[in-house]
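Structure at a glance
Below are the chains, spelled out letter by letter.
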Amino acid sequence: YLGGCFKLKRLMPAFEALAAQTKRAGTKLVVDHGRVPADATAEDRARVRALAEKADYYFPSRDEFLELWHAASVEAGLRSFASKAAATIIVKCAEEGAYGIENGEVVHMFAFSVRPRNTVGAGDSFNAGMIAAQSVGLTLRKSMEFACAVAALKISRDELPSAEDVEDFLTEHPQVIEPAEL
């Protein structure tokens, strides 16, 4: 898991080798590069883009994604990225939910409506939910639903949710998942 990639200036030259090593080791590479700082050089941006393209999972937020890829919209960016990389990409859009792409179809998962107490860690909680769901073989859509539930529970209460908490929440808050209309 490489998060905050732009903060890892000294590690950036090794991103390509790290990605290659994860493949050789049979390990999944997850990238959530974080904010793109104003002082990021063209070389920094290129290294992070190359890392994302080699990742197994790529989980940027909307603003981070649009900034790094110079995309006009989430849909355009998803389609462009999917044409270059095999990574499972999910773009997190806070209270709007998340978008992914599967077999050329943009998929939208709505965020669950909860009363937020503390939003710190919502994105990381979403990522953990996606990874957990994918690791047990859930479909992309069900994984996105699980991840949105994890994030909703994280921001709406003080303790971190267990898998059982998430399953109970999903039973109480079923989602209708349809193709995205952006």
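Going along each chain's sequence as written, the residues are numbered from 1 onward. Where totals are concerned, whole chains, interfaces and linings use all residues; where local detail is concerned, this predicted model gives features only for residues with pLDDT of at least 70, and gives and counts side-chain atom pairs only at 80 or more. Excluding hydrogens and water, the side-chain figures rest on all heavy atoms present in the structure.

A few points about unusual backbone geometry
- Located in the positive-phi region is His70, a residue other than glycine, with phi close to 50 degrees.
- The way it works is that DSSP assigns letters per residue, a run of H or I at least four long becomes a helix, a run of E at least two long becomes a strand, and they are numbered from the N terminus. Inspection of the secondary structure puts His70 in the loop between α3 (62-69) and α4 (74-84).
- Exposure remark for His70: the relative accessible area of 60% places this residue in the exposed category.
- We note that Ala94 has phi near 50 degrees; this positive angle belongs to a residue other than glycine.
- Ala94 sits in the exposed class, given a relative accessible area of 58%. Summary of the burial criterion: residues with accessible area below 20% of their type's maximum are buried, those above 50% are exposed, and those between are partly exposed, where the area comes from a 1.4 Å probe applied to protein chains only.

So, a negative patch on the surface
- On the surface, Glu164, Glu167, Asp168 and Glu172 cluster together into a negatively charged patch.
- Checked against the element boundaries, Glu167 lands in helix α7 (residues 163-172).
- The partly exposed category is assigned to Glu167, whose relative accessible area is 43%. Think of a patch as exposed residues, more than 30% relative accessible area, with no salt bridge, where like charges cluster within 9 Å and nonpolar side chains (Val, Leu, Ile, Met, Phe, Trp, Tyr) cluster within 5 Å. Residue burial considers only the protein chains on display, and all accessible areas are found by Shrake-Rupley using a 1.4 Å probe. The working definition used for a salt bridge is a side-chain nitrogen of Lys or Arg within 4 Å of a carboxyl oxygen of Asp or Glu. Neither His nor the chain ends is counted toward charge; the positive residues are Lys and Arg and the negative residues Asp and Glu. One atom stands in for each charge, and that atom is NZ of Lys, CZ of Arg, CG of Asp or CD of Glu.

Examining the pattern of salt bridges
- The tally for this structure, following the rule as stated, stands at 13 salt bridges.
- Across the salt bridge formed by Asp32 and Lys92, the nearest N and O atoms sit 2.8 Å from each other. A residue pair is termed long-range when its members are at least 10 positions apart, and Asp32 in strand β2 (residues 30-32) and Lys92 in strand β4 (residues 88-92) qualify at 60 residues.
- Given a relative accessible area of 8%, Asp32 falls into the buried group.
- Lys92 gets classed as buried once you look at its relative accessible area, which sits at 12%.
- Its salt-bridge partner being Arg45, residue Glu67 comes within 3.1 Å of it at the nearest N-O pair. With Glu67 in helix α3 and Arg45 in helix α2 (residues 42-54), this residue pair connects regions lying 22 residues apart in the sequence.
- Residue classification places Glu67 among the partly exposed residues on the basis of a relative accessible area of 36%.

Notes on the environment of Lys84
- Looking at the secondary structure, you find Lys84 in helix α4.
- Lys84 sits in the partly exposed class, given a relative accessible area of 47%.
- In this structure the C-alpha to C-alpha distance between Lys84 and Ala128, which are 44 residues apart in sequence, comes to 25 Å.
- Note on definitions: a residue-residue contact is assigned when non-hydrogen atoms from the two residues lie within 4.5 Å. When near neighbours in sequence (up to four residues on either side) are disregarded, Lys84 contacts Glu53 and Trp69.

What to know about the nonpolar core
- Here the nonpolar core consists of buried residues drawn from Ala, Val, Leu, Ile, Met, Phe, Trp, Tyr and Cys, with membership extended through side-chain atoms lying within 4.5 Å. Core analysis: the biggest nonpolar cluster contains 29 residues, and Leu51, Tyr58, Leu78, Phe81 and Ile89 have the highest contact counts within it.
- When residues of this core are traced back to their parent elements, those giving at least two are α1 (15-25), α2, α3, α4, β4 and β5 (98-102).
- Other than its neighbours up to four places away in sequence, Leu78 contacts Phe65, Ile89, Val91, Tyr99, Gly100, Ile101 and Val106.
- Membership of the second largest hydrophobic core comes to 24 residues, among which are Phe59, Met144, Ala149 and Ala152.

Some thoughts on α1
- Taken residue by residue, α1 has Phe15, Ala19 and Thr22 as its buried positions. Buried residues of α1, seen end-on, are gathered within an arc of 60 degrees and therefore sit on one face of the element. Those residues of α1 that are exposed and angled more than 90 degrees off the buried face are Glu16 and Arg24.
- Buried residues along α1 sit in contact with β1 (2-3) and α2. To be clear, the arc concerns the directions from the helix axis to the C-beta atoms.

Observations regarding the pairing of β4
- Extensive coverage of β4 is indicated by the burial of four of its five residues.
- Should DSSP find at least two bridges between two strands, the strands are taken to pair. By the bridge criterion, three bridges tie β4 to β5 in an arrangement that is antiparallel. Counted as the bridge partner of Val91 is Tyr99 from β5.

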